[in-house]
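The chain contents come next:
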Amino acid sequence: MRIVTTERTRHPVLIFWILAGWVGYLLLPWYGVEDFYTFEWLFDGYPMHSDYAPAAVLIAQGKKLWLAPMVLALIAPLFVMHRRKTDPIYGKVLIVAGGFGFAWMIAQGLGIGLRGFSYGWLTALFGPLEDRQFGMGYGALVVASSFLFLFTQGIAARGAVNGDVFVTAAIGGVITIVSIFVFFPIIKMLGAAFVSDDGGYSVVEFLGKFVDRRIWGLGCFTGTNCGSAWNSLFLAVLVGLITTILGLIFALVLTRSSFKYKQALRALTVLPIITPPFVIGLALILLFGMSGTVTQWVSGLLGIQPTRWLYGLPGLLIAQVLAFTPIAFLVMIGVVEGVSPSMEEAAQTLRANRWQVFRTVSLPLMRPGLANAFLLGFIESMADFGNPLVLGGNFDVLSTEIFFAIVGAQYDQSRAAILAMVLLGFTLGAFYLQRFWLGKKSYTTVTGKGDAGVHPQMPLGLALPVYAIAALWGLFTIGVYVYIVYGSFVQLWGVDDTLTFKHYLTAFAVSWGDTGFRWTGSAWDSFFTTIMIATIAAPFTAAVGLITAYLLTRQDFAGKKSFEFGTMLSFAIPGTVIGVAYILAFNVPPIEITGTGIILIISFVFRNMPVGVRAGIASMSQLDKSLDESSLTLGANSWQTFRLVILPLLRPAILAALVYSFVRAMTAISAVIFLVSARYDMATSYIIGRVENNDYGLAIAYSTALILVMLIAVGLLQLAVGRTKIGRRSSSHSGGH
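Residues numbered from 1 in each chain as written. Predicted model: local features only at pLDDT ≥ 70, side-chain atom pairs only at ≥ 80, totals over all residues. Heavy atoms only, no water.

S.K.: Quick one: what's the story with a nonpolar patch on the surface, residue by residue and with numbers?
M.R.: A cluster of nonpolar side chains, contributed by Ile-106, Leu-110, Tyr-119, Trp-121, Leu-125 and Phe-126, occupies part of the molecular surface with about 660 Å² of accessible area. Mapped by element, the contributors of at least two residues to the nonpolar patch are helix 5 (88–111) and helix 6 (120–126). The greatest single-element share of the nonpolar patch, amounting to 3 residues, is contributed by helix 6. If you trace the backbone, Trp-121 turns up in helix 6. (Patch = residues over 30% accessible without salt bridge, like charges linked within 9 Å, V, L, I, M, F, W, Y side chains within 5 Å. Areas by Shrake-Rupley, 256 points an atom, 1.4 Å probe, with all protein chains shown as cover. Salt bridge = Lys/Arg side-chain N within 4 Å of Asp/Glu carboxyl O. Helix = DSSP H or I, 4+ residues; strand = E, 2+ residues; numbered from the N terminus.)

Here's what the structure looks like:
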């Protein structure tokens, strides 16, 4: 008995996942339940009702017999529960049972759908299937997780990653969810591009649509429309270059000058990141549109007839540069601050002047920041949907063309997939060009070691244009935001400038009646939905990102480079492509979540996951690995070390990932516009709808309220992170300022 008890205590994780698998198979609804979070299904014929029945009950009723083989995979681990991990049978049984169970779930999920067999060759092989199945539910999700982690425990028992159960489970979990929610949708989208009009597959029709003149039009050579692909590429390159330069300029002002109001400038440069991108487009219309303030003033002063110059490339370029410069700044400020002052002082000691120091020492070390800032600006421009919708005019770009292909009257999924392929090709091309330009050189700047040097001031020849550009762009940004707020109080822009609260009352009215307190404003539903979705998505984003960062910085395992590329791939995939891919992948079994809030949460998690990864890597690189080794030496396992040693030291990274993912979820539009439904409408989708109805006042009022919510969120972040970080730096900063 003593031996049995000892062995049992050695496998608590194994016992947990075996029990989880049986609970999912015997007790939980196998297929998806509408309103799954309310648990109303418990009182609606459960467990005998076919819509809510567990797998075991369905089989007992003579239905869904293809679920029966999984019983074998659930039974097998019971025979090794009391064996030692070093016993070869232990690992082999878990690998076979978990691997077979998970593979069978994938096969039956993809092979059987809403109309029986999903593929003609299965029908030809087995004959017509009289039954069908829907998307996964509670039971299928829990059983799939059980099989996956039984498999990873078996691999660990066979010696993978030094037999570390937590690390192998984390690697297996991250690979699985990235495969399901990043690679699988992209593959489905690529397949949809070859679907012909009659429902079959045709390479000829694909090529015909791919070389469509509307995509690759040769009008560039005749002065007419270039086609949406070249338009998007040209705009994205311009935006990438300009935002990178502006981001560098603001970073230099904050780190290489004696400018007194650095905190105010930092707040101003970051402000657009908490603003829905298309809101800046609306503000530009208020300023430079046909009835805009500046347009009317110039027209009256110079007698020039107002034109629609804003609609097209000029307006799009201004709006996107305003919207995406803060992202470039956030990349550049860390890199510029990270350049070692000691290296710059050493160059000065060797009689180099300040310009030579900047050109030969500082600027080359900023190369990773410049490359990343350009890549971010390029991708954001490619993915931007709101500004082209508001300001595009006749300047067609891929993001809006994709939207109209799949949402418009034509409803051509094949064309949407082809356009998304082109867009994805451009962004992945930029991704690889960036990596090629950086090469294999080391640009490490974060070491966790102090540096007693002081950054030199900018050379005068550089400082003058930097100050001038920063001042002009700062004033322009302030003007835009003043008009955003002012426009929300105007009765009817360009017609009636009377100040009013009408738009706020329409959006956010509340009342008290016989039935009690009621949220009667038209925007409340989308507002509360957005808050809920963003709040749920944020912790998942941070968790997945930080666990991935831990694996990349603290563990060595086979395929680590491929693992890193896979987890960062969603960074290079524009939201527009994600939106289309998710519609094509998750509109049918085995994962049927289109139109639900879950698909919005998942899209936000995997769109923003790279932020959590990079925040975690940056922070973990400052933690000496001897901390981990000391914990392991004292008998803690990897999970305990991660939870009790590393996580408490990653508080700034955790908070940064939480708030950034929350802000991005609140203001996202490119993927959201494809995934919202009547029941789950997001704030940005609601605002776009108001814009399409020319209700600019209500749209700007709602946007202003969102900006206020974002400011509160960022303020809370700064308070929390400030208390964590400032202790090490307060003395030096107080001395310097």
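S.K.: Which residues make up helix 8 (residues 165–192), and what are the values?
M.R.: The first and last C-alpha atoms of helix 8 sit 39 Å apart over 28 residues, in line with the 40 Å expected at 1.5 Å per residue. Helix geometry: helix 8 is bent most strongly at Ser-179, by close to 40°. Where helix 8 begins, the capping side chain belongs to Asp-164, and its oxygen is found 3.1 Å from the backbone nitrogen of Phe-166. (Expected span 1.5 Å × (residues − 1). Bend = angle between axes of the 7 residues up to and from the residue. Polar contact = N/O pair within 3.5 Å; in protein donor to acceptor, adjacent residues only side chain to side chain.)

S.K.: Can you lay out the side chain of His-503 for me, pointing to particular residues and giving the numbers?
M.R.: By the element assignment, His-503 lies in helix 23 (residues 502–508). In this structure His-503 comes out as buried when scored by relative accessible area, which is 5%. Looking at His-503, its side chain comes within polar contact range of the main-chain oxygen of Gln-491, at 3.5 Å. In this structure, His-503 is in contact with Ser-488, Val-490, Gln-491, Gly-697, Leu-698 and Ala-701, ignoring residues within four places of it in sequence. (Buried < 20%, exposed > 50% of the residue type's maximum accessible area, 1.4 Å probe, protein only. Contact = heavy atoms within 4.5 Å.)

S.K.: Tell me about empty space enclosed by the protein, residues and numbers included.
M.R.: Taken as a whole and judged by the stated rule, the model has 3 cavities of 30 Å³ or more. Empty space within the largest cavity amounts to approximately 70 Å³. Lining the largest cavity are Phe-250, Leu-265, Leu-268, Thr-269, Pro-272, Leu-322, Thr-325, Pro-326, Trp-473, Gly-474 and Thr-477. Of all elements in the fold, only helix 12 (262–270), helix 15 (313–338) and helix 22 (460–487) reach the threshold of two or more residues within the lining of the largest cavity. Broken down by class, the residue content of the lining of the largest cavity amounts to 7 nonpolar, 4 polar and no charged. (1 Å grid on protein atoms, 1.4 Å probe; cavity = no way out; pocket = protein on both sides within 12 Å on 5 of 7 lines; lining within 4 Å. Points joined across faces, edges and corners; volume = space filled by probe spheres on them. Nonpolar A, V, L, I, M, F, W, Y, C, P; charged D, E, K, R; others polar.)

S.K.: With reference to specific residues and values, describe the pairing of strand 5 (residues 510–513).
M.R.: In the sheet, strand 5 pairs with strand 6 (residues 516–519) via 4 bridges, with the strands oriented antiparallel. Bridging from a neighbouring strand, Gly-513 pairs with Gly-516 of strand 6. In textbook terms, the turn of a hairpin is the stretch between consecutive antiparallel strands, and for strand 5 and strand 6 this stretch comprises 2 residues. (Pairing = 2+ DSSP bridges.)

S.K.: Give a detailed account of the packing of aromatic side chains, specifying residues and quantitative values.
M.R.: Evaluated as defined, the whole model comprises 42 aromatic pairs. When the ring of Trp-41 is compared with that of Tyr-138, the centres are 5.7 Å apart and the planes differ by 50°; the resulting orientation is tilted. Residue Trp-41 is found in the loop between helix 2 (12–26) and helix 3 (55–60), and its partner Tyr-138 is found in helix 7 (residues 138–157); the two are separated by 97 residues along the sequence. Taking the centre distance of 6.4 Å and the plane angle of 35° together, the rings of Trp-639 and Phe-642 count as tilted. Of this pair, Trp-639 and Phe-642 both sit in helix 29 (residues 638–649), 3 residues apart, roughly one helical turn. (Phe/Tyr/Trp six-rings, centres within 6.5 Å; stacked < 30°, edge-to-face > 60°.)

S.K.: Help me get a handle on the environment of Ile-688, residues and values and all.
M.R.: Relative to the elements of secondary structure, Ile-688 occurs in helix 32 (residues 683–692). Residues within four places of Ile-688 in sequence aside, it is in contact with Phe-278, Gly-386, Leu-389, Ile-669 and Ile-673.

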